[in-house]
2 protein chains.
Amino acid sequence: MTEDNVLIVGLGLIGGSYAEALTKAGFQVGAIDRSMESIEYALDKGIITEGTVRLDKDFVSKYRLIVFCLYPNTFVEWIREHQDLIAPGTLITDVSGVKVPVVYEVQRMLRPDLEFIGAHPMAGRERSGVGNSDCSVFKGANYLVTPTAANTPSAIERCKELGRRMGFGKISELSPEEHDEMIGFLSQLTHCVAVSLMTCRETSEMAKYSGDSFRDLTRIAAINETMWSELFLLNRDVLIRQIDLFVGGMEKLKTAIADGDVETLKSVMKESSLKRKLFEK
Amino acid sequence: MTEDNVLIVGLGLIGGSYAEALTKAGFQVGAIDRSMESIEYALDKGIITEGTVRLDKDFVSKYRLIVFCLYPNTFVEWIREHQDLIAPGTLITDVSGVKVPVVYEVQRMLRPDLEFIGAHPMAGRERSGVGNSDCSVFKGANYLVTPTAANTPSAIERCKELGRRMGFGKISELSPEEHDEMIGFLSQLTHCVAVSLMTCRETSEMAKYSGDSFRDLTRIAAINETMWSELFLLNRDVLIRQIDLFVGGMEKLKTAIADGDVETLKSVMKESSLKRKLFEK
């Protein structure tokens, strides 16, 4: 065991990409996954040095840094049931796309000799599984650290350092509440919009005429239904508020169109053009 | 005057791109625009051989093929006021993004010795003006011809041939009604969605965390407010119906989220993933 050993729990798309990035950064990376096939794939690819499908205290307790790359509810359950396997003094982090319901719950029940700090790598792909993992998706992407009053400055710094060494473009710190509000709007609402565009009417006849606009707006409509249902429900109140704001915007446009109210239409579009500039890369 | 002379009326982004594509295809291209600067730019660039800012019968009547690259209402007004300038037997086409209110109105009032056939090049850019024109945007794009009972087979064929020679990827024929229904959904609704996403709440603090999803969904939120207000209002009833369908989809998702109804969420997302496959390039 050295300072630079990391255990990845959950070798999916993100777990595999973390393993690759951390190995490249000089860490020795171990992994636990339910699938022996995933472990073997990662060993073959050289992105982990050891792996197991068993929950074994000798194995887990070798590590002082553990990254949980599981779906949020599975992660919380893992901690509830198996935290006795973890060595005292270990720092735990995660990759969950929602923070408020995960971070406070884990911190509340965690043994006092362990520390958990939430993190969210804002990167992904339309495909899942370790076989599609690729740490180049982290390049230029945002790595968000969401500390609470329960976190130590050294843990916050170690967590940020992890993001830096994996090659993320930007490391930011924000509260779990700020995180979930932002992600509810930028990510969850946009997925709802794409899904609704894709399913709200018969479109098979239209596919052949589609230009880039519709394609861009529905790229994320090909969606992992298990993960996103879980993320939506964990951020329920925030997401419903974003949907209401957005639908209010649609209704405002609809009223202006119905009334032939060119001035309102133009003024909303001017505001839109202006605000979009802030989001240019 | 030869078979391969074309007059472009309106040298903006699309007019300029048409001029470039047609010149490359071997046509001799003339142009009329309100701005002498635009004419001079196009002459300098070699994408037209002659141009004028005046409405002159000697100039206009040299051409037996005229493409109107104006906003829809401006085009209809032009025909109403100046069709006496056009030589008998001339074929007229356009580039308007809505068809029902343009095509029938122009065909109704046009002199019986002229023929108008609607067309819509589904290509564009976020910028406007002849200075941003570039006929490479037509490559792979859809060129839609919207004939009515008033059109002759030879005019339909000539119009399609124009699209082919400009390098469009796909030439299709559909009725003005089918066109407006499709464009109301694929193009106008998506622009409403992007504008509403961009304006429905305060976002300046969020810009630094934005990933590709939000950026993709709001690329078209930088929008020409004059042109799009006109297009929305000309297709008012169709567009309002698309907004209602889409908002209905958002409300369905919202209800499922509020009720914790995982089965509905998953089933809508599965449908979404499946339907999106038809739109892959």
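Data block above holds the structure.
Below, the structure is looked at part by part.

Reading the values: rules and limits
Residues numbered from 1 in each chain as written. Chains lettered and ligands numbered in written order. Predicted model: local features only at pLDDT ≥ 70, side-chain atom pairs only at ≥ 80, totals over all residues. Heavy atoms only, no water. Pairing = 2+ DSSP bridges. Helix = DSSP H or I, 4+ residues; strand = E, 2+ residues; numbered from the N terminus. Axes fitted to C-alpha atoms, helices over the stretch in contact; angles between N-to-C directions. Contact = heavy atoms within 4.5 Å. Phe/Tyr/Trp six-rings, centres within 6.5 Å; stacked < 30°, edge-to-face > 60°. Buried < 20%, exposed > 50% of the residue type's maximum accessible area, 1.4 Å probe, protein only. Least-squares fit on C-alpha atoms with pLDDT ≥ 70 in both. Buried area = accessible area lost by both parts, 1.4 Å probe. Salt bridge = Lys/Arg side-chain N within 4 Å of Asp/Glu carboxyl O. Polar contact = N/O pair within 3.5 Å; in protein donor to acceptor, adjacent residues only side chain to side chain. Nonpolar A, V, L, I, M, F, W, Y, C, P; charged D, E, K, R; others polar. Parallel < 35°, antiparallel > 145°, perpendicular 65-115°, else oblique. Left-handed = near helix turned anticlockwise from the far one by under 90°. Expected span 1.5 Å × (residues − 1). Bend = angle between axes of the 7 residues up to and from the residue. Lys, Arg positive; Asp, Glu negative; His and termini not counted. Disulfide = S-S within 2.5 Å.

## Some points on the sheet that holds strand 8 (residues 170–173) of chain B
All names here are of chain B. Pairing within the open sheet is mixed, and its 8 strands lie in the order 3-2-1-4-5-6-7-8. Every other strand in the sheet has two partners, leaving strand 3 (50–52) and strand 8 as the edge strands with one partner each. Across this sheet, the average inter-strand angle for adjacent strands is 20 degrees, counted without regard to direction. Strands in contact with helix 5 (residues 100–109) are strand 5 (91–94), strand 6 (115–122) and strand 7 (142–146); relative to strand 6, the strand with the most contacts, it is inclined by about 160 degrees. Contacts between helix 6 (residues 153–165) and the sheet are confined to strand 4 (65–68), strand 5, strand 6, strand 7 and strand 8, with strand 7 contributing the most and set at about 165 degrees to the helix.

## Details of the packing of aromatic side chains
For the coordinates displayed, the defined rule picks out 21 aromatic pairs over all chains. On the numbers, 5.0 Å between centres and 45 degrees between planes, the contact of A:Tyr143 with A:Phe168 is tilted. With A:Tyr143 in strand 7 (residues 142–146) and A:Phe168 in the loop between helix 6 (153–165) and strand 8 (170–173), the pair connects residues that are 25 residues apart, well separated along the chain. Of the residues examined, A:Tyr143 reaches a relative accessible area of 0% and is grouped as buried. Aromatic side chains B:Phe75 and B:Phe116 sit 5.3 Å apart centroid to centroid with 55 degrees between the ring planes, which places their arrangement in the tilted category. Linking B:Phe75 in helix 4 (residues 72–82) with B:Phe116 in strand 6, this pair joins segments that are 41 residues apart in sequence. Each member of the pair, B:Phe75 as well as B:Phe116, is classed as buried. Through pairs of rings, three or more aromatic residues link up here, namely A:Tyr18, A:Phe138, A:Tyr143 and A:Phe168.

## Concerning the relation of the copies chain B and chain A
Relative to chain A, chain B is turned by 180 degrees and slid 0.0 Å along the rotation axis, the superposed coordinates differing by an RMSD of 0.0 Å. Taken together, the rotation angle and the small translation identify this as a two-fold axis. Taking C-alpha positions as reference, the residue of chain B nearest the rotation axis is B:Leu217, located at 2.3 Å. An overlap of 100% is found between the interface residues of chain B and their copies at the interface of chain A, pointing to a shared contact surface.

## Some words on the interface of chain B and chain A
At the junction of the two partners, chain B supplies 84 residues and chain A supplies 84 residues. Between chain B and chain A, a total of about 8200 Å² is buried, with carbon and sulfur atoms accounting for 71% of that surface. Counting across the chain B and chain A interface gives 6 salt bridges. In this structure, the salt-bridge partner of A:Lys254 is B:Asp244, at a minimum N-O distance of 2.6 Å. Where chain B packs against chain A, one counts 34 residue pairs in polar contact (both at pLDDT 80 or more). Counting only elements with at least two residues in the side of chain B that touches chain A, the list comes to strand 7, strand 8, helix 7 (176–199), helix 8 (212–218), helix 9 (225–234), helix 10 (236–258) and helix 11 (262–276) of chain B. The element best represented in the side of chain B that touches chain A is helix 10 of chain B, accounting for 17 residues. Its residues assigned to classes, the side of chain B that touches chain A comprises 42 nonpolar, 20 polar and 22 charged.

## A look at the packing of helix 7 of chain B against helix 10 of chain B
All names here are of chain B. Close contact between helix 7 and helix 10 brings their axes to 9 Å; oriented N to C, the two are set at 60 degrees. The angle between helix 7 and helix 10 places the two elements in the oblique class. Between helix 7 and helix 10 lies a crossing whose hand is right-handed. Contact residues: Asp180, Glu181, Gly184, Phe185, Gln188, Leu189, Cys192 and Val193 in helix 7; Val238, Leu239, Arg241, Gln242, Ile243 and Phe246 in helix 10.

## Brief notes about helix 7 of chain B
Its 24 residues place the ends of helix 7 of chain B 32 Å apart at the C-alpha level, agreeing with the 34 Å of an ideal helix rising 1.5 Å per residue. Its axis deflected by about 45 degrees at B:Gly184, helix 7 of chain B carries its strongest bend there.

## What about the side chain of B:Glu115?
Residues and elements named next belong to chain B. Within the element layout of this structure, Glu115 appears in strand 6. Buried and without a salt bridge, Glu115 has Arg158 as its closest oppositely charged side chain, separated by 7.7 Å. Apart from the residues within four sequence positions on either side, Glu115 is in contact with Thr90, Leu91, Ile92, Leu110, Ala150, Asn151, Thr152 and Ala155.

## What about the state of the cysteines?
Residues and elements named next belong to chain B. Taken as a whole and assessed by the stated rule, the structure comprises 0 disulfides over all chains. The cysteine Cys159 is free of any disulfide, with Cys69 supplying the nearest cysteine sulfur at 12 Å. For Cys159, a relative accessible area of 1% puts it in the buried group.

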